[in-house]
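Residue-level structure breakdown
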Amino acid sequence: MAETAAKSGKPGWRELFRAMRNRKTGFMALFGFASGLPFALFLGTLFAWLSETDVELETMGVFSLIGLAYAFQFMWSPLIERVNIAGFRRLGKRKQWIVPAQILLGIILVALSLSHPSNSTIGFFSLLAGIGALASATQDIAINAWRIDVADEVATLDILSTIYQMGYRLAALVGGAFGLIIAERIGWPQTYLIMGGILLVIGLVGLRAPDSDSEVSDVGSRGDEDLLALRKAGELHPRIRLRALWAVGLLWAVAIAIVLIFMGLSLFSAPENRPNPTDFTVQFGPWIIVATVVLPALIAGWLAAKKREGTYLLEADAPASSRGSFVMDHLYRALVLPLVEFVGRLGWSLVLILALVLTYRICDAIWGTFAYPFYLGELHYTNDEVAVASKFFGVGAIVLGLALGGYMLTVFGRMFTLTLGALLAALTNLLYADLAVGGRYMGMASDAIGLTWAVEQFPGGSARLAKLMLTIGGENLAIGIAGAAYIAWLSSIVSKKFSAVQYALLSSLTLLIGTLGRGALGQMIEEQGYYDVFLLTTFIGIGAVVLCIAEWIRQKRAGANSGVVTPENPAAAT
């Protein structure tokens, strides 16, 4: 059934400041920081530590699991949606996963600080890091669901999404650039000890956070009512649901088995026989998505169509489920029902939604891998120059972009900001294209606004550095605006009832498409150079703008709102 968000006037500065003072936004900033810090520590800073201890990356098979934990996190999202953790159930539906994950991450970081990696201890060290990455990805699923669930008229989904990204970006700076600076002065073990302590404190403070639903599903409570609803007259016949569950379950089982086999080979094979994680993602990633998203979505679409047609429905209430059918109903609700709801609500609009998900962030998702080779290898900037331009000036530009994006979301609406962000992100590729052929226009712009003069006042500053700073700053400003709008839009199209599964599925598609496109882009760089690549990514970005306009028209026709989301209604849906 379609859900429509309540109409609301566009808030001004007073309402915006009121939202920023809301208790939920404060915890959202904290949770965003807790989400970004482990990602920076496990996928970036940790390799700097290991390189200083002369540990060969080929010996760290489990480190190949770190990236997979984030790319395929949707595979265990049904557990987070429906399973309760013994001893933590009273914390709430989402906090029962968030708080333990944060405490576990803190403990793991402290344990890493005490383990002193070397070739003799790398097995235990890498195992800790792999578990930490799984805990981090699990935390991300729960935090994203929490953000969607707790949104209301004051702490809107748009503002919470913006605050989340601000916290996340700040954590990336703390865990990345500041982590390197601290480690240079006090050592890596002490640095990771501090980071672990920060996460432990956040976990304890998180106990005070509000939760979306204190009544988590359990036997004899609200969860049973949801299951009983599946057996009411007018619902799909259990026999049809069982067939769909077997089909979807088999597809998910095959996908999970493939990932587990890869894990086993990475953990227990000799270094020279261990599979390459990038090759695995490229070769098996699309098939895993087909097995766990595409084919189940087609099955869900068929079920939704049959329900609309009035076929294969119960004419009267079915008997209460027995032990075996009770388990089947639980599995159907966890694996199939989120997709049935999503496909049934969006219909053919789902094609447009998926196209936008796959293209909106593709430029910066792919480009990130080649940024440093471009700065250092192609343009011959120094490490210090790149650090100043990207880690400090660039991060500041992203935060400014997020702030502008959050303001525009509240004043101009979600779809306007989403479309503008896509356009700006596409056009900033032209800044890099100019830089690739000498940066004449970027130099003129830098001179005109006085940036060249300002940079030259500092030791080591030059007109050449000013051009790089302006280019990175312009791109990151656009990324901040686009990122704030994209996360808000992605959060708005999922249902609160199934927010963990639906959001994890969509966000995983965003991560995976960037991984899959890097090989082709790298080959194009080798054959044609960076200038042609930046022109291509500009055209891809313009395609995302067209899709944004199409989605904007769809929402207008459906009467969907691009502003505040009510507690009862999570989605700006059809």
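Structure: above.
Since the structure is predicted, the reported quantities are computational estimates derived from the model, not experimental observations.

1. Some details on unusual backbone geometry
- In the Ramachandran plot, Y312 falls in the positive-phi region, its phi being about 55° despite a non-glycine side chain.
- Looking at the element boundaries, Y312 is found in the loop between α11 (277-309) and α12 (323-346).
- Positioned with a positive phi, H380 is a non-glycine residue whose angle comes to about 65°.
- Assignment of secondary structure puts H380 in the loop between α15 (371-378) and α16 (383-412).

2. Remarks on the side chain of S35
- Its place among the elements puts S35 in helix α2 (residues 23-52).
- Excluding its chain neighbours within four sequence positions, the residues that come into contact with S35 are S136, Q139, D140, I143, Y164 and Y168.

3. Concerning the nonpolar core
- Grouped together as the largest cluster of nonpolar side chains are 86 residues, with contacts concentrated most on F74, L303, Y332, L418 and W489.
- For Y332, the residues in contact, after removing those within four places along its chain, are L230, L236, R241, L245, L303, L337 and V340.
- Counting residues in each nonpolar core, the second largest holds 30 residues, with F42, I66, A183 and Y192 among its members.

4. Details of the pattern of salt bridges
- Applying the stated criterion to the full structure yields 12 salt bridges.
- E81 is paired through a salt bridge with R94; the nearest N and O atoms lie 2.9 Å apart. Of this pair, E81 sits in helix α4 (residues 77-82) while R94 sits in the loop between α4 and α5 (95-115), and the two are 13 residues apart along the sequence. Summarising the burial analysis for this pair, E81 and R94 share the class buried.
- D158 is the salt-bridge partner of R414, the closest N and O atoms lying 2.8 Å from each other. Placement of the pair is R414 in helix α17 (residues 414-436) and D158 in helix α7 (residues 157-186), with a sequence separation of 256 residues. Here R414 and D158 have matching classes, each one buried.
- Several salt bridges share partner residues, and in doing so they unite E81, K93, R94 and D149 into one network.

5. Some points on the environment of L204
- With respect to the secondary-structure elements, L204 resides in helix α8 (residues 188-205).
- Along the chain, L204 and I103 lie 101 residues apart, while their C-alpha atoms are 7.7 Å from each other.

6. So, a nonpolar patch on the surface
- Together, L423, L427, L430, I542 and V546 make up an exposed nonpolar region whose accessible area comes to about 370 Å².
- Secondary structure elements with two or more residues in the nonpolar patch: α17 and α22 (530-558).
- For the nonpolar patch, the leading source of residues is α17, giving 3 residues.
- Along the polypeptide, L427 turns up in helix α17.

7. Looking at the packing of aromatic side chains
- Applying the stated criterion across every chain, the model contains 24 aromatic pairs.
- Both rings, one in F72 and one in F74, keep their centres 6.4 Å apart while their planes meet at 65°; by these two values the pair is edge-to-face. Both residues of the pair, F72 and F74, belong to the buried class.
- Geometrically, the ring pair formed by Y164 and Y168 is tilted, given 6.0 Å between the ring centres and 45° between the ring planes. A residue pair is termed a helical-turn pair when its members lie 3 or 4 positions apart in one helix, as Y164 and Y168 do in helix α7 at 4 residues.
- Among the aromatic residues, those joined into a cluster by ring pairs are F374, Y375, Y432, Y530 and F534.
- Across the ring face of Y164, the terminal group of R147 is positioned such that the distance to the ring centre comes to 5.1 Å.

How each quantity is defined
- Residues numbered from 1 in each chain as written.
- Predicted model: local features only at pLDDT ≥ 70, side-chain atom pairs only at ≥ 80, totals over all residues.
- Heavy atoms only, no water.
- Helix = DSSP H or I, 4+ residues; strand = E, 2+ residues; numbered from the N terminus.
- Contact = heavy atoms within 4.5 Å.
- Core = buried A, V, L, I, M, F, W, Y, C linked by side-chain atoms within 4.5 Å.
- Buried < 20%, exposed > 50% of the residue type's maximum accessible area, 1.4 Å probe, protein only.
- Salt bridge = Lys/Arg side-chain N within 4 Å of Asp/Glu carboxyl O.
- Patch = residues over 30% accessible without salt bridge, like charges linked within 9 Å, V, L, I, M, F, W, Y side chains within 5 Å.
- Areas by Shrake-Rupley, 256 points an atom, 1.4 Å probe, with all protein chains shown as cover.
- Phe/Tyr/Trp six-rings, centres within 6.5 Å; stacked < 30°, edge-to-face > 60°.
- Lys NZ or Arg CZ within 6 Å of the ring centre and 35° of its normal.

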